[in-house]
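Examination of the molecular architecture
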Amino acid sequence: MDNLVKIMDGKPLEKLIEVVSNAIGTLYEPKQIVRKAKAEAKAESIIAIEQAKTQAIIDGDLEKVKYLERINNRIVNKEEKRQKNIEEVVSNAGKILESEENVSKEPLNSDWTTRFFDIVQDVSDNDMQLLWSQILAGEIKQPKSYSLRTLELLRNMTKDDAELFQKVAQLTFVCGDAFLYTPNNDLSKFGINYVDIAKLVEIGLLRPGDFVQRHLSSQELTDTKTAFIYGDIVVIVSIKAKSQEIIFPIRSFTTSGQELYQLIDISPNIDYIKDFANAIKNKNTKVTYSKIISIDEEGSIRYKTPEIEI
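Remember, predicted model here, so these are calculated numbers, not experimental data.

Glancing now at the overall build of the protein. Looking only at helices and strands, the protein features ten helices and nine strands. Relative to its full complement of 310 residues, the protein shows a buried share of 45%. Sequence-distant contacts in the protein: of pairs separated by 6 or more residues, those separated by 24 or more amount to 72%. For the protein, the computed accessible surface area is about 17300 Å², with 47% contributed by carbon and sulfur atoms.

Next comes the structure, spelled out in structure tokens:
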């Protein structure tokens, strides 16, 4: 972990330094982490174990002495692994924040940071550590991005669960909130079956209930446009004034699902876009799509022109 201090040189990372220092107090001494972990672990056990060992030596019970030493070694080893897990997550978060110019000045909630580090100390899988690093970096950039409920949900997710969510989230449209377009309640043509959906409902990332619908209509005196963000593509639905309402089936994310899908790098599936377009097109509706150039803080989208009509 010798590179830990090196990645903390830039001003955008000062907040990360402060957050981690307040939570675990070890960020400034990466070379001493193992020694510190051993010292802290020994401090936790010394009162009970060392006293018991002393009594065992007095009693001449060498077997008990060895037994107590094994307990002490187990505690030390456990704390070393936990400290290493924390340092990996923090190091990855630092690398993510390197490219950030600014972060919110709002401090992180102390209960949130306590819960976060209590959880990540026991996360040893590299891929899951990276996911937790993204959570930490995201919360530092904008506090309240990830709720305590979401932390607990993620705590109980397996690597397979996370990979399934990443797979399903590839079909995420965003228009106000995030959702899946589910033609005939069936996504099998896109490699997702009902068992996958049911699993994410069980985990708490998708809301239960089949045949949920979303409505689009234009009651204005002029034509309207509705933008659906899909990865780095915007799908634009243009509806003539006073047109008949358009209804299409969806699957909604839970609050935790809404928070976590933003971590997914979505690679748009053009067939999925076309399927969506064909489902809602009629004589009063036109569907186009284009590559997004930028989205400002107010949600205004700049995209390449001309748009591609479907």
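Having put the structure on the table, let's press on.
If you walk through the whole model with that rule in mind, you get 20 aromatic pairs. Ring geometry for Phe173 versus Tyr272: centroids 5.2 Å apart, planes at 15°, classification stacked. Highlighted residues: Phe173 in strand β1 (residues 172-175) and Tyr272 in helix α10 (residues 270-280), separated in sequence by 99 residues. Tyr272 carries the same exposure label as Phe173, and that label is buried. Taken together, the ring pairs connect Phe173, Phe179, Tyr181, Phe190, Phe228, Tyr230, Phe248, Tyr272 and Phe276 into an aromatic cluster.

This part is about the layout of surface pockets. Roughly 760 Å³ of volume is contained in the largest pocket. Along the walls of the largest pocket sit 25 residues, with Lys141, Tyr146, Tyr261, Gln262 and Leu263 positioned nearest its centre. Going through the elements one at a time, α5 (126-141), β1, β2 (177-181), β4 (224-230) and α9 (255-261) are the ones with two or more residues in the lining of the largest pocket. In terms of residue count, the dominant contributor to the lining of the largest pocket is α5 (four residues). Looking at side-chain class alone, the lining of the largest pocket contains twelve nonpolar, seven polar and six charged residues.

Reading guide: rules and limits
Residues numbered from 1 in each chain as written. Predicted model: local features only at pLDDT ≥ 70, side-chain atom pairs only at ≥ 80, totals over all residues. Heavy atoms only, no water. Helix = DSSP H or I, 4+ residues; strand = E, 2+ residues; numbered from the N terminus. Buried < 20%, exposed > 50% of the residue type's maximum accessible area, 1.4 Å probe, protein only. Contact = heavy atoms within 4.5 Å. Areas by Shrake-Rupley, 256 points an atom, 1.4 Å probe, with all protein chains shown as cover. Phe/Tyr/Trp six-rings, centres within 6.5 Å; stacked < 30°, edge-to-face > 60°. 1 Å grid on protein atoms, 1.4 Å probe; cavity = no way out; pocket = protein on both sides within 12 Å on 5 of 7 lines; lining within 4 Å. Points joined across faces, edges and corners; volume = space filled by probe spheres on them. Nonpolar A, V, L, I, M, F, W, Y, C, P; charged D, E, K, R; others polar.

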